[in-house]
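Topology and contacts: notes
Here is what each chain is made of, one letter per residue.
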Amino acid sequence: MQVDPNIPVFDGKETYTLDDKGRVTVPKRWRRKDGKDEEYHLVPDSRGRCLRVMLRPRFDQFAEDAKSQLGLDLAKHRLFMRNYYSNSTRVDTDKQGRIAIPKDYCTSLGLKGEVLMLGTGDVIEIWNKAAYAEFARTELAEYQVQAGGIGL
């Protein structure tokens, strides 16, 4: 598999503050290295816990994987696609590297003030800090089992 060196790997954790207009800065190390405009797709987590932010290729891959990975028949695939696309939105970074998060996403996910941005490889997750702290407590034990299983 050939890797495009201009496409960043989203890794680590960053704390940023949403401004009054719902904008948050994408960390510089998570931006394209070639300076091209960046188009992101915002998709709320299916459980309403966080906002997933992804570049176009990953957004498209989720849609392609839905039918084969989930084993959906045609009607369920249409249901998934309808909701996946209608509940997502496309945003571009501004000159300062910020993205504007729509108000309805901020309200439903409790995103205000300081937010936690997690790099998860090919997806950025934006969390309410308190919600992530609670989620992380339940997730840590499972991660330790999985990581130990591969010798990490």
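Here, the structure is the one placed above.
Given the structure is predicted, the values throughout are model-derived calculations rather than measurements.

What to know about the side chain of Asp 45
Relative to the assigned elements, Asp 45 resides in the loop between strand S3 (39-44) and strand S4 (50-55). Exposure remark for Asp 45: the relative accessible area of 6% places this residue in the buried category. Side chain to side chain, Asp 45 and Arg 52 meet in a polar contact 2.9 Å long. If sequence neighbours within four positions are ignored, Asp 45 has contacts with Cys 50 and Arg 52.

Overview of the environment of Pro 57
Residue position: Pro 57 is located in helix H1 (residues 56-70). The exposed category is assigned to Pro 57, whose relative accessible area is 57%.

Remarks on the pattern of salt bridges
For side chains of opposite charge, pairing can occur when their charged atoms come near one another. For the coordinates displayed, the defined rule picks out 15 salt bridges. A salt bridge links Lys 129 to Glu 114, with the nearest nitrogen and oxygen atoms 3.1 Å apart. Taken together, the positions of Lys 129 in helix H4 (residues 129-149) and Glu 114 in strand S7 (residues 114-119) put the pair 15 residues apart, joining distant regions of the chain. Given the relative accessible area of 44%, Glu 114 is considered partly exposed. One continuous salt-bridge network, built from bridges that share partners, spans Glu 39, Arg 56, Asp 60, Arg 90 and Asp 92.

Looking at the packing of H1 against helix H2 (residues 74-86)
Orientation of H1 relative to H2, taken along the N-to-C sense of each, is 155°, at an axis distance of 10 Å. Taken together, H1 and H2 sit at an angle that is classed as roughly antiparallel. When you trace H1 past H2, the crossing you get is right-handed. Within the contact between the two elements, H1 uses Phe 59, Phe 62, Ala 63, Ala 66, Lys 67 and Leu 70 and H2 uses Leu 74, His 77, Phe 80, Met 81, Tyr 84 and Tyr 85. Of the residues belonging to the contact of H1 with H2, the class tally is ten nonpolar, one polar and one charged.

As for the nonpolar core
Ile 99 and Ile 126 are the most contacted members of the largest nonpolar core, which totals 21 residues. Within the residue set of this core, elements represented by two or more residues are S3, S4, helix H3 (103-109), S7 and strand S8 (124-128). Every residue in contact with Ile 126, bar those within four places of it in the chain, is listed here: Val 24, Cys 50, Leu 51, Val 53, Ile 99, Ile 101, Leu 111, Val 115, Leu 116 and Met 117.

Some words on H4
Between its first and last C-alpha atoms H4 spans 29 Å; for 21 residues at 1.5 Å apiece the expected length is 30 Å, and the two agree. At Glu 139, H4 shows its largest bend, some 40°. Buried within H4 are the following residues: Tyr 132, Phe 135 and Ala 147. Where H4 is buried, its residues meet strand S1 (13-17), S7 and S8.

Some remarks on a nonpolar patch on the surface
Taken together, Leu 140, Tyr 143, Ile 150 and Leu 152 make up a surface patch of nonpolar side chains, about 490 Å² in accessible area. Its place among the elements puts Leu 140 in helix H4.

A few points about the packing of aromatic side chains
Following the criterion strictly, the structure yields eight aromatic pairs and no others. With a centroid separation of 5.3 Å and an interplanar angle of 75°, the aromatic rings of Tyr 84 and Tyr 85 are classed as edge-to-face. Between Trp 127 and Tyr 132, the ring centres sit 5.2 Å apart and the planes meet at 70°, which makes this aromatic pair edge-to-face. You'll find Trp 127 and Tyr 132 in the same group, each marked buried. Members of the aromatic cluster, each reached through a chain of ring pairs, are Phe 59, Phe 80, Tyr 84 and Tyr 85.

Reading guide: rules and limits
- Residue positions within a chain follow its written sequence, with the count starting from 1.
- The model is predicted, so local features are restricted to residues of pLDDT at least 70 and side-chain atom pairs to those at 80 or more, both for listing and for counting; the totals for chains, interfaces and linings are taken over all residues.
- Values reported for side chains reflect all heavy atoms of the structure, with hydrogen atoms and water molecules removed beforehand.
- The helix and strand labels rest on DSSP assignments: H or I over at least four residues marks a helix, E over at least two residues marks a strand, and numbering proceeds from the N terminus.
- The buried label goes to any residue with under 20% of its type's maximum accessible area, the exposed label to any with over 50%, and the partly exposed label to all in between, with areas taken from a 1.4 Å probe on protein chains only.
- For the purposes of these results, a polar contact is taken to be a pair of N or O atoms within 3.5 Å, where, inside protein, one atom must be able to donate a hydrogen and its partner to accept one; residues adjacent in sequence count only when each atom of the pair is a side-chain atom.
- Contacts between residues were defined by any pair of non-hydrogen atoms, one from each residue, lying within 4.5 Å.
- Salt bridges are defined by distance alone: a side-chain nitrogen of Lys or Arg within 4 Å of a carboxyl oxygen of Asp or Glu.
- Note on geometry: axes are lines fitted to C-alpha atoms, helical ones only across the stretch in contact, with angles between N-to-C directions running from 0 to 180 degrees.
- Each angle is binned into one of four classes, with values under 35 degrees roughly parallel, values over 145 roughly antiparallel, values of 65 to 115 roughly perpendicular, and all other values oblique.
- Each crossing is labelled by how the near helix is turned from the far one, with a counterclockwise turn of less than a right angle marking it left-handed and a clockwise turn marking it right-handed.
- In this classification, the charged set is Asp, Glu, Lys and Arg, the nonpolar set is Ala, Val, Leu, Ile, Met, Phe, Trp, Tyr, Cys and Pro, and all remaining amino acids, among them Gly, are polar.
- Take the buried Ala, Val, Leu, Ile, Met, Phe, Trp, Tyr and Cys residues and link them wherever side-chain atoms come within 4.5 Å; each set so joined is a nonpolar core.
- To estimate the expected span of a helix, count its residues, drop one, and scale the result by 1.5 Å.
- One axis is fitted to the seven residues ending at the residue and one to the seven starting there. The bend at that residue is the angle between these axes.
- Two joining distances apply to patches: 9 Å for like charges and 5 Å for nonpolar side chains (Val, Leu, Ile, Met, Phe, Trp, Tyr), and every residue must have over 30% relative accessible area and no salt bridge.
- Here the Shrake-Rupley method, with its probe set to 1.4 Å, supplies the accessible areas, and only the displayed protein chains count as covering residues.
- In this scheme Phe, Tyr and Trp rings, the latter by its six-membered ring, pair at centre separations within 6.5 Å, and the angle between planes marks the pair as stacked below 30 degrees, edge-to-face above 60, and tilted otherwise.

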